[in-house]
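A structural walkthrough
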Protein chains: 4
Amino acid sequence: MIGLPPTFIRVRYSDVDRTGFLYHVNYLEYFEVARSDWIRRFWRPYKEIEDAGYALVVIEARLKYLKPARYDDELEVHADLAGWGRSRIEFNYRIQLRGGDVLICTGQTTHCFIDRSGTPTGMPGELRALLDSHRTEGT
Amino acid sequence: MIGLPPTFIRVRYSDVDRTGFLYHVNYLEYFEVARSDWIRRFWRPYKEIEDAGYALVVIEARLKYLKPARYDDELEVHADLAGWGRSRIEFNYRIQLRGGDVLICTGQTTHCFIDRSGTPTGMPGELRALLDSHRTEGT
Amino acid sequence: MIGLPPTFIRVRYSDVDRTGFLYHVNYLEYFEVARSDWIRRFWRPYKEIEDAGYALVVIEARLKYLKPARYDDELEVHADLAGWGRSRIEFNYRIQLRGGDVLICTGQTTHCFIDRSGTPTGMPGELRALLDSHRTEGT
Amino acid sequence: MIGLPPTFIRVRYSDVDRTGFLYHVNYLEYFEVARSDWIRRFWRPYKEIEDAGYALVVIEARLKYLKPARYDDELEVHADLAGWGRSRIEFNYRIQLRGGDVLICTGQTTHCFIDRSGTPTGMPGELRALLDSHRTEGT
């Protein structure tokens, strides 16, 4: 598992529903914002990945909602790389109040690299080399 | 399992991302639109449930993305009640092109009834009676 | 001004904010849904316009919020073509409760046709001919 | 006019449309994020205003789209208080690339204070006093 510092997201007015709590769908978007930051910090901006002819499509997502988040709360969203294969990678997530220790939401997403034609493809060699170097370190 | 006719949703321009495909987060919102329709048809508008002091909070969600949907596609979103307990209910979903038979996305959500104080509570008696009558029919 | 039957939109749970009213930003999206329907009915799906190498970019938008809309309200959104020039077209909007006569929101948007390179361009000839035939009728 | 440092917003993947540009509706949401920051810095979090029984409803909005913004661009969104009356306040906006000087979008919004019953009401006395002190300074 490769974790990096979390992404901080303040809950926008548009993100809560009429209960005043963060609308459940938006957690999945917060996962993406944190995952993009992880990829940017670990390797390079996701935009460059798409510009190079790859896309990382979501093939599975799971979320557990544990506590509500409210409008204007500042959240820390942790995205950790949880595993990877030839063309797949998987992330784990956890969301807490900034500086807090109570879990608000956890989740996982699984992704597959595809090429411009939409066909699953092995991950970019540069990323694989980077991940392999981490695997060795982890041993 | 209690199914009803599907909800038809046309993919809005705002719902696709720069790949031209339906953005993965929005499937979870489409689930909700179909679930609301299910509840409206089976029992009563969800709005009345909230106005009566109950809320149905999502405690878990899972999605599998099988094929992409595109801008302007007309989808049929099936929400089926998959199970229920004292305070919980669970829905299964499947999304296809309208009139098509290829699965685009499947998923499940689990929900818990809470009262105005946010405490889990048994489901409204009227709904329970209605569900029980279906269980009997199903035997 | 060329009007067509309105588009009906039910206010989604995700579209209201913590006041329980339709979030002000989403009116602008409802305008787009109605405008797309107008274009589809009057001429052809907007998707085909983009596929043919044109895009219709928004260059100006104005909204007046007169009355609130609520979760689960069914709205009728009227988009009327208000004017057009060589490369520009303009729409007027009004939103009411379905079957109602109280205005909830009004607005205008101005659009410009651009080609694949992003350069403003004259509108597609087929559309111009169609509009010109209406202008004549209107005289 | 009372300006404060801008709000920085990175364009999210979910915020662009299939042209790869920021979807026009989302500018209006970016205005709100910047306006909330302005209110927080100038006076207090908007959340406290709602908790105190006031709401600041949008009664008019205007946007001019000058240049496109792209996925992953980091924008600076300037919200400036442009004027105020007994119960109304007005903001001007401009959006640029962070550190850039080319205008991407400009706009205005007009707001009215309402009380819990939804009736227009004078602005909170504390805010009025704060604004009046700035008017004097500005003379």
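Within any chain, residue numbers begin from 1 and follow the written order of that chain's sequence. Each chain gets a letter, beginning with A, and each ligand a number, beginning with 1, in the order they are written. For this predicted model, a pLDDT threshold of at least 70 governs which residues receive local features, and a threshold of 80 or more governs which side-chain atom pairs are given and counted, while totals over whole chains, interfaces and linings are taken from all residues. Excluding hydrogens and water, the side-chain values take into account all heavy atoms of the structure.

Strands are runs of DSSP state E lasting at least two residues, helices are runs of H or I lasting at least four, and both sets are numbered from the N terminus onward. Expected helix span is computed as 1.5 Å times (number of residues minus one). Here helix H1 (residues 24-42) of chain D contains 19 residues, and its C-alpha end-to-end distance of 28 Å stays within 8% of the 27 Å for a straight helix at 1.5 Å per residue. Extensive coverage of H1(D) is indicated by the burial of 17 of its 19 residues. Only protein chains enter the calculation, and the probe is 1.4 Å; a residue is then buried if its accessible area is under 20% of its type maximum, exposed if over 50%, and partly exposed in between.

Take the packing of aromatic side chains next. The aromatic pairing rule takes the rings of Phe, Tyr and Trp, using the six-membered ring of Trp, and pairs them if the centres are within 6.5 Å, calling planes under 30 degrees apart stacked, those over 60 edge-to-face and the rest tilted. Counting across every chain of the model gives 36 aromatic pairs over all chains. Taking 4.2 Å as the distance between ring centres and 5° as the angle between the ring planes, the aromatic pair formed by Phe31(B) and Tyr93(B) counts as stacked. Within this pair, whereas Phe31(B) is found in helix H1 (residues 24-42), its partner Tyr93(B) is found in strand E5 (residues 88-97), the two being separated by 62 residues in sequence. The class of Tyr93(B) is buried, set by a relative accessible area of 3%. Measuring from centroid to centroid gives 5.3 Å for Tyr27(C) and Tyr65(C), while their planes differ by 75°, and the two rings are edge-to-face. Residue Tyr27(C) is located in helix H1 (residues 24-42), and its partner Tyr65(C) is located in strand E3 (residues 55-65); the two are separated by 38 residues in the primary sequence. Both residues of the pair, Tyr27(C) and Tyr65(C), count as buried. In this structure an aromatic cluster arises from ring pairing among Phe31(A), Trp38(A), Phe42(A), Phe91(A) and Tyr93(A). A cation sits over an aromatic face here: Arg98(A) above Phe8(A), 3.6 Å from the ring centre. As a reminder, the over-ring test applies to NZ of lysine and CZ of arginine, requiring each to be within 6 Å of the ring centre and within 35 degrees of the ring normal.

It only takes one pair of heavy atoms within 4.5 Å for two residues to be counted as in contact. The interface is formed by 19 residues belonging to chain C together with 19 residues belonging to chain B. Taking both sides of the interface into account, the surface hidden between chain C and chain B amounts to around 1700 Å²; carbon and sulfur atoms contribute 39%. The salt bridge definition used is simple: a Lys or Arg side-chain nitrogen within 4 Å of an Asp or Glu carboxyl oxygen. In this structure, the connection of chain C to chain B is made through 4 salt bridges. Arg40(C) is paired through a salt bridge with Asp72(B); the nearest N and O atoms lie 2.8 Å apart. Here a polar contact means two N or O atoms within 3.5 Å. Within protein one must be a hydrogen donor candidate and the other an acceptor candidate, and residues neighboring in sequence count only if both atoms are side-chain atoms. Across the chain C-chain B interface, the total number found is 10 residue pairs in polar contact (both at pLDDT 80 or more). Accessible-area loss on putting two parts together, using a 1.4 Å probe and summing over both, is the definition of buried area adopted here.

The tally for this structure, following the rule as stated, stands at 45 salt bridges over all chains. Ionic pairing is found between Arg18(B) and Asp51(A), a salt bridge with its closest N-O pair at 3.7 Å. With Arg18(B) in the loop between strand E2 (7-10) and H1 and Asp51(A) in helix H2 (residues 46-51), this pair bridges two chains. Taking the relative accessible area as the measure of exposure, Asp51(A) reaches 48% and is therefore partly exposed. With its nearest N and O atoms 3.9 Å apart, the salt bridge here joins Glu32(B) to Arg35(B). Of the two residues, Glu32(B) and Arg35(B) are both situated in helix H1; the distance of 3 residues between them amounts to about one turn of the helix. The pair Glu32(B) / Arg35(B) is uniform in exposure class, with both members buried. Taken together, the salt bridges that share partners define one network made up of Arg10(B), Asp72(B), Asp37(C), Arg40(C) and Arg41(C).

Residues and elements named next belong to chain B. One non-glycine residue, Asp 72, lies in the positive phi region at around 80°. Within the secondary structure, Asp 72 is located in the loop between strand E3 (55-65) and strand E4 (74-84). Residue Asp 72 is classed as buried on the basis of its relative accessible area of 12%.

Now for the relation of the copies chain C and chain B. Least squares is used to superpose the copies, and the fit set is the C-alpha atoms of residues whose pLDDT is at least 70 in both copies. When chain C is brought onto chain B, the operation consists of a screw motion whose angular component is 180° and whose axial shift is 0.0 Å, with 0.0 Å RMSD remaining. What the rotation and shift describe, once combined, is the action of a two-fold rotation axis. When each C-alpha of chain C is compared by its distance to the rotation axis, Ile9(C) comes out closest, at 5.5 Å. Residue by residue, 100% of the interface of chain C is reproduced at the interface of chain B, so both copies engage with the same surface.

On to the pairing of strand E2 (residues 7-10) of chain C. All names here are of chain C. Side chains of E2 alternate between two faces, with Thr 7 and Ile 9 buried and Phe 8 and Arg 10 left unburied. By definition, two strands form a pair when at least two bridges between them are found by DSSP. Taken together, the 4 bridges between E2 and strand E4 (residues 74-84) define a ladder with antiparallel strand orientation. Across the sheet, residue Phe 8 finds its bridge partner in E4, namely Glu 76.

What follows concerns the relation of the copies chain B and chain A. In screw terms, the move from chain B to chain A is a rotation of 180° and a rise of 0.0 Å along the axis, fitting with an RMSD of 0.0 Å. A high fraction, 100%, of the interface residues of chain B reappear at the interface in chain A, so the copies pair face to face through one surface.

So, on to the nonpolar core. As used here, the term nonpolar core means buried Ala, Val, Leu, Ile, Met, Phe, Trp, Tyr and Cys residues forming a set that is joined through side-chain atoms within 4.5 Å. Core analysis: the biggest nonpolar cluster contains 176 residues, and Leu63(A) and Leu63(B) have the highest contact counts within it. Other than its neighbours up to four places away in sequence, Leu63(A) contacts Tyr27(A), Leu28(A), Phe31(A), Cys105(A), Thr106(A), Gly107(A), Leu28(B), Ile59(B), Glu60(B), Ala61(B) and Leu63(B).

This part is about a positive patch on the surface. Positive charge collects at one region of the surface, where Arg62(A), Lys64(A), Arg62(B) and Lys64(B) lie side by side. Sorting the residues of the positive patch by element identifies strand E3 (55-65) of chain A together with E3 of chain B as the ones contributing at least two each. Looking at the secondary structure, you find Lys64(A) in strand E3. What makes Lys64(A) partly exposed here is its relative accessible area of 41%. Note that patches include only residues with greater than 30% relative accessible area and no salt bridge, and the join distances are 9 Å for like charges and 5 Å for nonpolar side chains (Val, Leu, Ile, Met, Phe, Trp, Tyr). Areas reported as accessible are Shrake-Rupley estimates using a 1.4 Å probe. Residue values count occlusion only from the protein chains shown. Residues scored as positive are Lys and Arg, those scored as negative are Asp and Glu, and His as well as the terminal groups of each chain are ignored. In plain terms, the charge of a residue is placed at NZ if it is Lys, CZ if Arg, CG if Asp and CD if Glu.

Note on strand geometry: in a regular strand, side chains alternate between the two faces of the sheet. Bridge analysis of E3(C) against strand E3 (residues 55-65) of chain D gives 5 bridges, and the strand direction is antiparallel. In the sheet register, Arg62(C) faces E3(D), and the bridge partner there is Arg62(D).

Attention now goes to the environment of Val57(A). Residues and elements named next belong to chain A. Position of Val 57 among the secondary structure elements: in strand E3. Sequence separation of Val 57 and Glu 29 is 28 residues, and the distance between their C-alpha atoms is 14 Å. Those residues in contact with Val 57, other than ones at most four positions away along the chain, are Thr 110, His 111, Cys 112 and Ile 114.

A few words now on the environment of Leu75(D). Following the sequence through the fold, Leu75(D) ends up in strand E4 (residues 74-84). Once you skip the residues sitting within four places of it in the chain, Leu75(D) turns out to touch Thr7(D), Phe8(D), Ile9(D), Val11(D), Leu22(D), Tyr30(D), Ala69(D), Ile95(D), Gln96(D), Leu97(D), Arg98(D) and Ile104(D).

On to the interface of chain B and chain A, then. With 20 residues of chain B at the contact, the number on the chain A side is 20 residues. Buried area between chain B and chain A, both sides added, is near 1900 Å², and the carbon and sulfur share of it is 57%. Linking chain B with chain A are 4 salt bridges, by the criterion used here. Contributions of two or more residues to the side of chain B that touches chain A are made by H1, helix H2 (46-51) and E3 of chain B.

The subject of this paragraph is the confidence of the model for chain A. pLDDT expresses how confident the predictor is about each individual residue, on a scale running from 0 to 100. Mean pLDDT over chain A: 93, with 97% of residues reaching 70 or higher. Our summary of model confidence lists the complex with pTM equal to 0.94 and ipTM equal to 0.93.

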